[in-house]
Amino acid sequence: QVQLVESGGGLVQAGGSLRLSCAASGRTFSSYVMGWFRQAPGKEREFVAAISRSGGTTYYADAVKGRFIISRDNAKNTVYLQMNSLKPEDTAVYSCAAAMGRAVVTDSYEYGYWGQGTQVTVSP
């Protein structure tokens, strides 16, 4: 089992940057594929990015490709989401999630563990 706690959200102007962190408890962090999802008010939760257990493979949603970077530090049990060139439409609650298995998955139902989320607000 793993517990996840996000941090790093906040208010930023369009064009700015934020780095989200997700700290995981437990000794088996490197056994999990990690993902970031977001949910804006009145919208469905959507996939943002995912990273393999070793960090060697990453996937991104088209909406964030080229602007966001997902990374992980297995020694620190932490996954990061560097968000650059932020846009107002990136405003959402961002949550990290962990999935068992080897495949880097993008569907939220594949992820069994979730953090509480952190608010990101991008002003025009």
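Since the model is a prediction, treat every value here as computed from it, not as a measurement.

*Asks:* Give a description of the pattern of salt bridges that names residues and reports values.
*Replies:* One pass over the full model with this rule turns up four salt bridges. A salt bridge links D90 to R67; its shortest N-O distance comes to 2.8 Å. In this pair, D90 is assigned in the loop between β8 (78–83) and β9 (92–99) and R67 in the loop between β6 (58–60) and β7 (68–73), connecting sequence segments 23 residues apart. Pair check on accessibility: D90 and R67 agree, each one buried. Salt bridges here are not isolated pairs; linked through shared partners, they connect R38, E46, R67 and D90.

*Asks:* Could you give me a rundown of the packing of aromatic side chains, with the residues and numbers involved?
*Replies:* Here a ring pair, both rings aromatic, is described through the centre-centre distance and the interplanar angle of the planes. Per the counting criterion, the structure on display carries five aromatic pairs. Relative to Y111, the ring of F37 has its centre 5.2 Å away and its plane inclined at 75 degrees; by these criteria the two rings are edge-to-face. Placement of the pair is F37 in strand β4 (residues 33–39) and Y111 in the loop between β9 and β10 (113–114), with a sequence separation of 74 residues. An aromatic cluster of three or more residues is present, and its members are F37, F47, Y111 and W114. One residue, R45, lies across the ring of W114, its end atom 3.9 Å from the ring centre.

*Asks:* Provide a residue-level description of the sheet that holds β7, including the pertinent values.
*Replies:* Within the open sheet, the four strands sit side by side as β1-β3-β8-β7. Their pairing is antiparallel. Where the open sheet ends on each side, the last strands, each with one partner, are β1 (4–7) and β7. On average, adjacent strands in this sheet sit at an angle of 15 degrees to one another, irrespective of strand direction. As paired strands, β1 and strand β3 (residues 18–24) are joined by four bridges and run antiparallel to one another. Its bridge partner being in β3, S7 is matched across the sheet by S21.

*Asks:* How would you sum up the state of the cysteines? Please name residues and give values.
*Replies:* Here the structure, examined in full by the defined rule, presents one disulfide. Between the sulfur of C22 and that of C96 lies a disulfide, 1.9 Å long from S to S. Taking the torsion about the S-S bond as the criterion, the C22 to C96 disulfide, at about 50 degrees, is right-handed. Remark: C96 occurs in strand β9 and C22 occurs in strand β3; sequence separation between them is 74 residues. On the basis of relative accessibility, which here comes to 0%, the residue C96 falls in the buried class.

*Asks:* Could you give me a rundown of the pairing of β8, with the residues and numbers involved?
*Replies:* Within β8, five of the six residues are buried, which leaves the element mostly enclosed by the surrounding structure. One ladder, built from six bridges, connects β3 with β8; its direction is antiparallel. Among the inter-strand pairings, L20 is bridged to a residue of β8, identified as L81. The pairing of β7 with β8 spans six bridges and is classified as antiparallel. Residue D73 lies in a different strand from β8, and its bridge partner there is T78.

*Asks:* So what about the side chain of S95? Which residues, and what values?
*Replies:* Checked against the element boundaries, S95 lands in strand β9. Discounting chain neighbours no more than four positions away, the residues touching S95 are E6, G35, W36, F37, W114, G115, Q116 and G117.

What counts, and at which threshold
- Counting starts from 1 at the beginning of each chain's written sequence and moves along it residue by residue.
- Local features in this predicted model are restricted to residues whose pLDDT is 70 or higher, and side-chain atom pairs enter the listing and the counts only when it is 80 or higher, whereas totals over whole chains, interfaces and linings include all residues.
- In computing side-chain properties, one takes all heavy atoms of the structure into account and sets aside hydrogens as well as water.
- When a carboxyl oxygen of Asp or Glu is within 4 Å of a side-chain nitrogen of Lys or Arg, the pair counts as a salt bridge.
- By definition, any uninterrupted DSSP run of H or I lasting at least four residues is a helix, any uninterrupted run of E lasting at least two residues is a strand, and each is numbered from the N terminus.
- Using a 1.4 Å probe on the protein chains alone, a residue whose accessible area is under 20% of its type maximum counts as buried, one over 50% counts as exposed, and one in between counts as partly exposed.
- Two rings from Phe, Tyr or Trp (for Trp, the six-membered ring) form a pair when their centres sit within 6.5 Å of each other. Planes less than 30 degrees apart are called stacked, planes more than 60 degrees apart edge-to-face, and all others tilted.
- Consider the ring centre and the ring normal. A charge sits over the ring if Lys NZ or Arg CZ is within 6 Å of that centre and within 35 degrees of that normal.
- Two strands make a pair as long as DSSP finds a minimum of two bridges between them.
- Simply put, an axis is a line fit to the C-alpha atoms, just over the touching stretch for a helix, and the angle between two N-to-C directions goes from 0 to 180 degrees.
- Throughout, a disulfide means two cysteine sulfur atoms within 2.5 Å of one another.
- Here, residues are in contact when the closest pair of their heavy atoms is within 4.5 Å.

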